[in-house]
Amino acid sequence: MWGGRFASGPDAIMEEINASIGFDYKFASQDIRGSLAHVAMLAERGIVSQEDADAIKAGLDQVRREIEDGTFTFSRALEDIHMNVESRLAAIVGPNAGRLHTARSRNDQVALDFRLWIRDTIDTLDFQLRDLQGALAERALEHAGTVMPGFTHLQSAQPVTFGHHLMAYVEMLGRDRGRLVDARRRLNECPLGAAALAGTSFPIDRDMTARALGFDRPTANSLDSVSDRDFVLETLSAAAICAVHLSRFAEEIVLWATPQFGFAGLSDAFTTGSSIMPQKRNPDAAELVRGKSGRVIGSLTALLVVMKGLPLAYSKDMQEDKEGTFDALQALSLCLAAMTGMVRDLTADPKRMKAAAGSGYAIATDLADWLVRALNMPFRDAHHVTGRLVAMAAGRKIVLEKLTLEEMQSVDPRITAEVHAVLGVDKSVRSRTSYGGTAPANVRAQAKKWLKKLAAEKPAP
């Protein structure tokens, strides 16, 4: 590859640290796509003959078939996917295969391959996120009226419905999809033709290759084209936020599956047992989703550190951009698949949820709101009165609705029997009719809206 300048080959350790074929073989499809577009442009512009271009195209098609059917031999000595493909192409086509590399460098080649790979991966992740949103919305519709505790500080706060809780994650995942789509739109510029760092003196047509590869336009600055990986960082940032959302939900599944909560459980399909305790059913799928979020976050952090001190343009440090990214996005994809499976598998216990929803005086705010509406009491005063009633009920170890009217009037004589119309978890959730609130009618409407929206989206190619 660079024998004209070097008189001898690399040391074995140099070959070991320098080789990237052990992971960048994942770019094989993208690398060949880029080469096919490049050689077609070279022929169109008269930079190579049509005869040579046709031979190179046929050779690249053969290389692709060999890779796809598993007969291609990857060589560490050839360092990376680009040289592995080019070497095999030369064996098929002969010396004229070397014309393919006219007016390009491995710097713009790898930048192109990575953009194509990230773009393809975002499309896959978006489809998986959509599938998970659909599963959540379907379960939310099923449980629109299933009452459960809503928590703050992991303490009972106010009753909500299980459907409302699930729909919260539909909204989060919708924003995750938006971030990935936004990253895809920004990365959709073609770096091919930037060459090593300064462009090329050949009369290439960068618009032609950009169109052929589905990009919106070519990149505008050759230095920027080969030296930045912000499109990877942005995608990893979106992936890390998504992984955090999945991890939070996974943590809730772990809690719900405990005997102490008992809100919901998973079947044998998404749990494992213990080698010593025969009674155990561990929510390992959820725990692994929770754990793998660290790998995604770690990959983002690692690449930020790699890039933070690099002067323009390309430096070999940037070879460290791939392994962590491959690992992170593969882990996220697996987590999405596992979470979708768990959502469809999850069995709720409505009776246990409802019983827990009434604990901890979770309807206290409903009582305070009634005092404001019925007695025209300032909310801070209503808050104080309600606090005294909660203390009274707690002292007797009963729920608020079991307090007699006389007991309530001992705190504030203006309270009437009408107060009992708002006390109770079912009454509480039905009253939360503000837009975005937990009222079952709201949840049904939102779930149906999302399911209709998701059904109308174009399916993945």
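Calculation notes
All residue numbers refer to positions counted from 1 along the written sequence of the respective chain. Local features are withheld for residues below a pLDDT of 70 in this predicted model, meaning they are given only at 70 or higher, and side-chain atom pairs are given and counted only at 80 or more; totals for whole chains, interfaces and linings count all residues. Water and hydrogen atoms play no part in the side-chain values, which are based on all heavy atoms of the structure. To qualify as a helix, a DSSP run of H or I must reach at least 4 residues; to qualify as a strand, a run of E must reach at least 2; elements of each kind are numbered from the N terminus. The atom set for the radius of gyration is the C-alpha atoms, and the globule formula is 2.2 Å times the number of residues raised to the power 0.38. Any two residues whose heavy atoms approach within 4.5 Å are treated as being in contact. The Shrake-Rupley method, run with a 1.4 Å probe, gives the accessible areas here. Residue values count only the displayed protein chains as cover. In this tally, Asp and Glu contribute negative charge and Lys and Arg positive charge; neither His nor the terminal groups of the chain are included. A single reference atom marks each charge: NZ on Lys, CZ on Arg, CG on Asp, CD on Glu. Each residue after the first adds 1.5 Å to the expected span of a helix. Burial classes follow relative accessibility: with a 1.4 Å probe on protein chains only, a residue under 20% of its type's maximum area counts as buried, one over 50% as exposed, and anything between as partly exposed. Helix axes are fitted only over the stretch in contact, all axes being lines through C-alpha atoms; the angle between N-to-C directions runs from 0 to 180 degrees. Oblique is the label for every angle not falling under 35 degrees (roughly parallel), over 145 degrees (roughly antiparallel), or within 65 to 115 degrees (roughly perpendicular). Rotating anticlockwise by less than a right angle from the far helix to the near helix defines a left-handed crossing, while the corresponding clockwise rotation defines a right-handed one. Residues were grouped as follows: Ala, Val, Leu, Ile, Met, Phe, Trp, Tyr, Cys and Pro as nonpolar; Asp, Glu, Lys and Arg as charged; and all remaining residues, including Gly, as polar. The set of buried Ala, Val, Leu, Ile, Met, Phe, Trp, Tyr and Cys residues whose side-chain atoms join them within 4.5 Å is what this entry labels a nonpolar core. Take a side-chain nitrogen of Lys or Arg and a carboxyl oxygen of Asp or Glu: if they are within 4 Å of each other, that pair is a salt bridge. When two cysteine sulfur atoms are found within 2.5 Å, that pair is recorded as a disulfide. A pair of strands is labelled paired if DSSP reports no fewer than 2 bridges between them.

Caption draft 1: Local environment of the overall build of the chain. Along the backbone of the chain there are 18 helices and six strands. For 461 residues, the compact-globule formula gives about 23 Å, and the C-alpha radius of gyration of the chain, at 30 Å, lies well above that figure. Overall, the C-alpha framework of the chain stretches about 100 × 55 × 40 Å when taken along its three principal axes. Taking as baseline every contact in the chain between residues at least 6 positions apart, the subset at least 24 positions apart corresponds to 76%. As displayed, the chain has an accessible area near 22,200 Å², and 54% of this comes from carbon and sulfur atoms. Counting 55 positive and 57 negative side-chain charges, the chain places the centres of these two groups 7 Å from one another.

Caption draft 2: Representation of helix 6 (residues 106–142) in the model. Its 37 residues give helix 6 an end-to-end C-alpha distance of 54 Å, which sits within 8% of 54 Å, the value for a rise of 1.5 Å per residue. Counting buried residues in helix 6 gives 29 out of 37 residues, a clear majority hidden from the surface.

Caption draft 3: Region of the structure containing the packing of helix 6 against helix 18 (residues 440–456). Their axes nearest at 9 Å, the elements helix 6 and helix 18 cross at an angle of 150°. When the axis of helix 6 is compared with that of helix 18, the two are roughly antiparallel. Between helix 6 and helix 18 lies a crossing whose hand is left-handed. Of the residues in helix 18, those touching helix 6 at Arg130, Gln133, Gly134, Ala137, Glu138, Ala140 and Leu141 are Val443, Arg444, Ala447, Lys448, Trp450, Leu451, Leu454 and Ala455. Of the residues in the contact of helix 6 with helix 18, the class split is nine nonpolar, two polar and four charged.

Caption draft 4: Layout of unusual backbone geometry. Leucine 312 connects to alanine 313 through a cis peptide bond whose omega is 10°. Following the sequence through the fold, alanine 313 ends up in the loop between helix 11 (284–307) and helix 12 (322–345). Despite not being glycine, leucine 154 has its phi angle at roughly 60°, a positive value. Along the chain, leucine 154 turns up in the loop between strand 1 (147–152) and strand 2 (155–161). Not every positive phi belongs to a glycine, and alanine 195 is a case in point at roughly 60°. Within the fold, alanine 195 resides in the loop between strand 3 (189–190) and helix 8 (206–212). By relative accessible area, alanine 195 is classed as buried at 8%.

Caption draft 5: How the structure looks around the side chain of serine 247. With respect to the helices and strands, serine 247 occurs in helix 10 (residues 230–256). Here serine 247 falls in the buried class, since its relative accessible area comes to 13%. Contacts of serine 247, omitting those with residues within four sequence positions, involve Arg290 and Ser293.

Caption draft 6: Region of interest: the environment of phenylalanine 72. Tracing the backbone shows phenylalanine 72 in the loop between helix 4 (50–69) and helix 5 (81–93). Judged by relative accessible area, which is 10%, phenylalanine 72 ranks as buried. In this structure, phenylalanine 72 is in contact with Val63, Glu66, Ile67, Asn84, Val85 and Arg88, ignoring residues within four places of it in sequence.

Caption draft 7: Expanded view of the nonpolar core. One finds Ile118, Leu136, Leu246, Phe249, Ile253, Trp256 and Met339 to be the most contacted residues of the largest nonpolar core, which totals 94 residues. Here the element with the most residues in this core is helix 10; it accounts for 15 residues. In contact with isoleucine 118, not counting residues within four places along its chain, are Leu187, Phe231, Val232, Thr235, Thr325 and Leu329.

Caption draft 8: Structural view of the pattern of salt bridges. All told, the structure shown has 29 salt bridges when counted by the stated rule. The shortest N-O distance in the salt bridge between aspartate 176 and arginine 179 comes to 3.0 Å. Of this pair, aspartate 176 and arginine 179 both sit in helix 7 (residues 162–187), three residues apart, which is roughly one turn of that helix. With relative accessibility at 0%, the residue aspartate 176 sits in the buried group. The residue aspartate 366 makes a salt bridge to arginine 432 at a minimum N-O spacing of 2.8 Å. A residue pair is termed long-range when its members are at least 10 positions apart, and aspartate 366 in helix 14 (residues 364–375) and arginine 432 in the loop between helix 17 (425–431) and helix 18 qualify at 66 residues. Taken together, the shared-partner salt bridges connect Glu79, Asp80, Arg106 and Lys316 into one network.

Caption draft 9: Quick look at the state of the cysteines. This model, assessed by the stated rule, comprises zero disulfides. For the unlinked cysteine cysteine 242, the closest cysteine sulfur is that of cysteine 335, found at 8.9 Å.

Caption draft 10: Here's a closer look at the pairing of strand 2. The pairing of strand 1 with strand 2 spans six bridges and is antiparallel. Within strand 2, the residue paired with proline 149 across the bridge is proline 159. Linkage of strand 1 to strand 2, two consecutive antiparallel strands, is achieved through a turn of two residues, within which histidine 153 is found at a positive phi near 60°.

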